[in-house]
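Descriptive structure summary
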Amino acid sequence: MTDPFRTIGFGAADRSPYASLHWESRGRLISEPESRTRTAFQRDRDRIIHSTAFRRLKHKTQVFIHHEGDHYRTRLTHSIEVAQIARSIARALRLDEDLAEALALAHDLGHTPFGHAGEDALEECLSSVGGFDHNAHTIRIVTSLERRYARFDGLNLTWETLEGLVKHNGPLIDNSGAPLARWKEKGVPHVIRDYSSFHDLELHTHASLEAQAAAIADDIAYNAHDIDDGLREGLFTLEDIDHVPLMSTLLKRIDSEYPGLEVIRKNHEVVRRVITELVEDVIGQSIKSLQEAAIGNSDAARMFGRPIVSFSETMRVADKGIKSFLFEKMYRTPKLNRIRENAQQILHDLFQRYCKTPEEMAPAWQEGLSGGTDTLLERRVGDYIAGMTDRFAVEEHRRMFDATPDLR
């Protein structure tokens, strides 16, 4: 592939040998002329940012429901934070920052309204037609549901971006084709299987190092901003997190450097420092792993057999401790449990109503349903609901039902 960027500061000298090289991209499903001003991965990032699904993340819940306050995270703010961390890791490892950023910005496109509560509800509603998985739905969005371009449905992203979205948490199948990890019981989602059947994403290998950077950036951002939001909401205090590994060390340092620091500044200081500690650990451990593995190119990184961009063992234990604390003190509190149940009821109600009266969906979503199968109808309704923001789902429920569950 001819690439003008190799002569104007974006060349091989700026990349590690194991980075994904945009001029060696495996291309797009539908061939397009190259841009004269942007690399292939920059175009992917830009298409993601301009997509309808990306804009909707502004009103999709991270943990708290949308009307709980202006300062809590949404899927959009979370995705931006993940992108910043992913770029930092990619820069330190001399990977392709644009690919890492594109993957970070797109990783949550397939999430439903009301966070994981909404995903669980749609998984139940669609159980007879294969269930629902937000990662698979992300692929559905970027390969089919977005309809913006004259020549194709979806965003026609590069192979490297699609591969990273599918495999950022590791291989989906082994070399024999048997499902791995979370897919062992129910199999790989049909959306991913079907797409990979004609555009092979090599589901048996790991993803690029850029995708691995985006995945661990997601973990780091989750830890940091959920601590921040939990402190803001009053679900726990600094005294509570003083018993969590790593957090206790950071709090002692802050108290030593800034004795008597006011609570709001101390909250932000501990969040800032936990991000720094986790990012620096990932960079240090990843450099060590790369040196030990002697990875020569991006394909060798995919075939290595385990993630290379990772925490050290010490930090892996600390990360697990933070997640256990947040699960107990935040994700499964009585208040959030009640909100989860009410949010799921809203989506169950909407699903049943649209299946009975599909004409109540937006006109574009009714196309082709006449005379179609129940499977087509249920999947179409599932796609429609998955694309809703929290706010629109609540408004639709209020429009169609006499009483709507409280989400406060």
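This structure is a prediction, so every number in the text was calculated from the model and none was measured. (Residues numbered from 1 in each chain as written. Predicted model: local features only at pLDDT ≥ 70, side-chain atom pairs only at ≥ 80, totals over all residues. Heavy atoms only, no water.)

Moving on, we come to helix α18 (residues 390-400). Along α18, the residues that are buried comprise Asp390, Ala393, Val394, Glu396, His397 and Met400. The buried residues of α18 occupy one face: seen down the axis, they fall within an arc of 160°. Buried residues along α18 sit against α15 (334-356) and α17 (374-386). (Buried < 20%, exposed > 50% of the residue type's maximum accessible area, 1.4 Å probe, protein only. Helix = DSSP H or I, 4+ residues; strand = E, 2+ residues; numbered from the N terminus. Arc of directions from axis to C-beta. Contact = heavy atoms within 4.5 Å.)

Take the side chain of His107 next. Position of His107 among the secondary structure elements: in the loop between α4 (97-106) and α5 (115-125). Accessibility expressed as a relative area gives 9% for His107, which makes it buried. A polar contact of 3.4 Å, which involves the side chain of His107, links it to the side chain of Asp108. Of the polar contacts made by the side chain of His107, one reaches the side chain of Asp218; its length is 3.3 Å. Among residues more than four places away in sequence, those in contact with His107 are His78, Ser79, Val82, His134, Thr138, Leu165 and Asp218. (Polar contact = N/O pair within 3.5 Å; in protein donor to acceptor, adjacent residues only side chain to side chain.)

Among the structural elements, Leu109 can be located in the loop between α4 and α5. Note: C-alpha distance between Leu109 and Ser79 (30 residues apart in sequence) is 9.2 Å. Among residues more than four places away in sequence, those in contact with Leu109 are Ile48, Ala53, Phe54, Leu57, Thr138, Ile141 and Val142.

Interhelical geometry of helix α11 (residues 247-257) versus helix α12 (residues 263-293) gives an angle of 125° and a closest axis separation of 10 Å. Comparing the axis directions of α11 and α12 gives the class oblique. For the crossing formed where α11 meets α12, the hand is right-handed. Counting all contacts with α11, which are made through Met247, Leu250, Leu251, Arg253, Ile254, Asp255 and Glu257, the residues of α12 involved are Lys266, Glu269, Val270, Arg273, Val274 and Glu277. Residues belonging to the contact of α11 with α12 are distributed by class as follows: 6 nonpolar, no polar and 7 charged. (Axes fitted to C-alpha atoms, helices over the stretch in contact; angles between N-to-C directions. Parallel < 35°, antiparallel > 145°, perpendicular 65-115°, else oblique. Left-handed = near helix turned anticlockwise from the far one by under 90°. Nonpolar A, V, L, I, M, F, W, Y, C, P; charged D, E, K, R; others polar.)

Next up on the list: the packing of aromatic side chains. Under the definition given, this model contains 5 aromatic pairs. When the ring of Phe236 is compared with that of Phe325, the centres are 5.0 Å apart and the planes differ by 70°; the resulting orientation is edge-to-face. Highlighted residues: Phe236 in the loop between α9 (209-233) and α10 (238-241) and Phe325 in helix α14 (residues 313-331), separated in sequence by 89 residues. On the basis of relative accessibility, which here comes to 3%, the residue Phe236 falls in the buried class. Taken together, a centroid distance of 5.5 Å and an interplanar angle of 50° make the contact between Trp365 and Tyr384 tilted. Of this pair, Trp365 sits in helix α16 (residues 363-366) while Tyr384 sits in helix α17; the two residues are 19 residues apart in sequence, bridging distant segments of the chain. The class for Tyr384 is buried, based on a relative accessible area of 8%. An aromatic cluster of three or more residues is present, and its members are Tyr354, Trp365 and Tyr384. Sitting over the face of the ring of Trp159, Arg26 holds its NZ or CZ atom 3.8 Å from the ring centroid. (Phe/Tyr/Trp six-rings, centres within 6.5 Å; stacked < 30°, edge-to-face > 60°. Lys NZ or Arg CZ within 6 Å of the ring centre and 35° of its normal.)

On to the packing of α4 against helix α7 (residues 159-167), then. Each packed pair of helices is defined by two parameters, the angle between the axes and the distance between the axes. Between α4 and α7, whose axes approach to 10 Å, the crossing angle comes to 45°. The angle between α4 and α7 falls in the class oblique. Handedness of the crossing formed by α4 with α7: right-handed. Here Leu99, Leu103 and Ala106 of α4 come into contact with α7, specifically with Glu160, Thr161, Gly164 and Leu165.

Relative to the helices and strands, Asp226 resides in helix α9. Side-chain polar atoms of Asp226 contact the side chain of Tyr331, separated by 2.4 Å.

Of the positions making up α11, those classed as buried are Met247, Ser248, Leu250, Leu251 and Ile254. Buried residues of α11 fall within an arc of 160° about the axis and therefore sit on the same side. Within α11, the exposed residues directed more than 90 degrees away from the buried face are Lys252 and Ser256. Along its buried surface, α11 packs onto α9, α10, α12 and α14.

Structurally, Glu32 is set in the segment before α1 (40-49). Looking at Glu32, the relative accessible area reads 15%, which means it is buried. Counting along the chain gives 26 residues from Glu32 to Lys58, while the straight-line C-alpha distance between them is 30 Å. Here Glu32 is in contact with Arg43, Arg47, Arg151, Phe152 and Asn156, once residues within four sequence places are set aside. In this structure the side chain of Glu32 is engaged in a polar contact, spanning 2.7 Å, whose partner is the side chain of Arg47.

What follows is about the confidence of the model for the protein. Across the protein, the average pLDDT comes to 92, with 94% of residues at or above 70. Between residues 4-9, whose pLDDT stays under 50, and residues either more than four places distant or in other chains, the model counts 11 contacts. (pLDDT = per-residue confidence, 0-100.)

Going through the model one piece at a time under the given rule, you end up with 0 disulfides. Here Cys125 stays unpaired: no disulfide links it, and the sulfur of Cys355, its closest cysteine neighbor, is 8.0 Å away. In this structure Cys125 comes out as buried when scored by relative accessible area, which is 12%. (Disulfide = S-S within 2.5 Å.)

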